[in-house]
Amino acid sequence: MSVSARPTHDAETEQYQTVFTGKVLEKLQVLLERYPTKQGALLPALWLVQQQRGWISDRNMTEVAAVLGLTPAYVKGVVTFYTMYHQHPVGQHFVQVCTTSPCNICGAEDVVHALLQATGAKELGATSPDGKWTVIEVECLGACGFATPVLIDDDFIESVTPERVAELVRKYQ
Ligand code: FES
């Protein structure tokens, strides 16, 4: 079970602090050696930013674009395409529930409802008042035979039912 600290530094309202300095810059340089072009390192570079800041702000996207020789618009297009990247601060635990049709007919909506209740997040995309939980719906997670699949941070959990939710949430408290 992974429990990651997710700082909520707000790069939009405070004086901007560069992400790629010190050890983070070293990690980026290692990444860049693995790819034939700088553009190829875009996804892991964005992941580095999210690990550091908890989410990816427009200023962060501009910094990534500058470092990789891309346009901010291109970087934003990638960030907005993938649900794994957060465009605003999220809870310490980020929960993704598949509600695509095959899971939906097996009760995914009930799992979502149980998660919103158990975590206190109350609505999709909102963060619980204690800052611990954000729950979202996502498209097919590739485990259609194991409805309902749920991702909590980096942990993939299959066959979640409303009855299992309270116990699951307790494990991450
Ligand atoms: S439809 Fe839910 S995992 Fe594929």
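Here the residue numbering is sequential within each chain, running from 1 through the sequence in written order. For this predicted model, a pLDDT threshold of at least 70 governs which residues receive local features, and a threshold of 80 or more governs which side-chain atom pairs are given and counted, while totals over whole chains, interfaces and linings are taken from all residues. The basis for every side-chain value is the complete set of heavy atoms in the structure, and neither hydrogens nor water enter the calculation.

**Re helix α6 (residues 108–119)**
Then, number 1: Strands here are runs of E lasting at least two residues and helices are runs of H or I lasting at least four, both read from the DSSP assignment and numbered beginning at the N terminus. In this scheme, a helix's expected span is set at 1.5 Å multiplied by one less than its residue total. Compared with the 16 Å implied by 1.5 Å per residue over 12 residues, the 16 Å span of α6 between its first and last C-alpha is a close match.
Then, number 2: The buried label applies to any residue whose accessible area, calculated with a 1.4 Å probe on protein chains only, is under 20% of its type's maximum; exposed applies above 50%, and partly exposed to all values in between. When α6 is considered as a whole, its buried residues turn out to be A108, V111, V112, A114, L115, L116 and T119.
Then, number 3: One or two positions beyond α6, positive phi appears at G120, with a value near 85°.

**What about the sheet that holds strand β2 (residues 133–138)?**
Then, number 1: Strands were regarded as paired on the criterion that DSSP finds at least two bridges between them. One open sheet holds the four strands; their spatial order is β2-β1-β3-β4, and the pairing between them is mixed. Every interior strand has two partners, whereas the edge strands, β2 and β4 (155–157), have only one. Neighbouring strand axes in the sheet, compared pairwise and without regard to direction, differ in orientation by 20° on average.
Then, number 2: One ladder, built from six bridges, connects strand β1 (residues 93–98) with β2; its direction is parallel. Within the sheet, the bridge partner assigned to V97 lies in β2 and is E137.
Then, number 3: Contacts were defined at the residue level, with two residues in contact if any of their heavy atoms lie within 4.5 Å. Comment: axis = line fitted to C-alpha atoms, over the contacting stretch for helices; angle = value between 0 and 180 degrees taken between N-to-C directions. Along the sheet, α6 makes contact with β1, β2 and β3 (150–152), crossing β2 at roughly 170°.

**A look at unusual backbone geometry**
Then, number 1: A cis amide bond, omega 0°, links A147 with the succeeding residue T148.
Then, number 2: Here T148 shows up in the loop between β2 and β3.
Then, number 3: Of note in the backbone geometry, K122 takes a positive phi value of approximately 70° without being a glycine.
Then, number 4: Within the secondary structure, K122 sits in the loop between α6 and β2.
Then, number 5: The exposure class of K122 is exposed, given its relative accessible area of 65%.
Then, number 6: In this structure, D153 is a non-glycine residue whose phi angle is positive, near 55°.

**With respect to a nonpolar patch on the surface**
Then, number 1: Only residues whose relative accessible area exceeds 30% and that form no salt bridge are eligible for patches; like-charged ones are grouped when within 9 Å, while nonpolar side chains (Val, Leu, Ile, Met, Phe, Trp, Tyr) are grouped when within 5 Å. Accessible surface is estimated by sampling points in the Shrake-Rupley manner with a 1.4 Å probe; for residues, cover comes only from the protein chains shown. Salt bridges are identified by distance alone: a Lys or Arg side-chain nitrogen within 4 Å of an Asp or Glu carboxyl oxygen. Judged by side-chain polarity, L43, W47, F81, Y82 and M84 come together as a nonpolar surface patch covering roughly 460 Å² of accessible area.
Then, number 2: Residue placement: Y82 occurs in the loop between α4 (72–81) and β1.

**Observations concerning the packing of helix α3 (residues 58–68) against α4**
Then, number 1: At a minimum axis separation of 8 Å, α3 and α4 run at an interaxial angle of 120°. Comparing their axes, α4 and α3 come out oblique. Here α3 runs over α4; the crossing is right-handed. Taken together, the residues of α4 that come into contact with α3 (itself represented by D58, M61, T62, V64 and A65) are P72, V75, K76 and V79.
Then, number 2: Residue classes in the contact of α3 with α4 are distributed as six nonpolar, one polar and two charged. Each angle gets one of four labels, with under 35 degrees taken as roughly parallel, over 145 as roughly antiparallel, 65 to 115 as roughly perpendicular, and the rest as oblique. In this scheme, a crossing is called left-handed if the near helix is turned counterclockwise away from the far one by less than a right angle; it is called right-handed if the turn is clockwise. The nonpolar class holds Ala, Val, Leu, Ile, Met, Phe, Trp, Tyr, Cys and Pro. Asp, Glu, Lys and Arg form the charged class, and all remaining residues, Gly among them, are polar.

**A short note on the pattern of salt bridges**
Then, number 1: Scanning all chains against the criterion turns up one salt bridge.
Then, number 2: Put simply, D58 and K76 hold a salt bridge, and the shortest N to O gap is 3.1 Å. Note that D58 is positioned in helix α3 and K76 in helix α4, a separation of 18 residues in sequence.
Then, number 3: According to the relative accessible area criterion, D58 is partly exposed, its value standing at 40%.
Then, number 4: For K76, a relative accessible area of 34% puts it in the partly exposed group.

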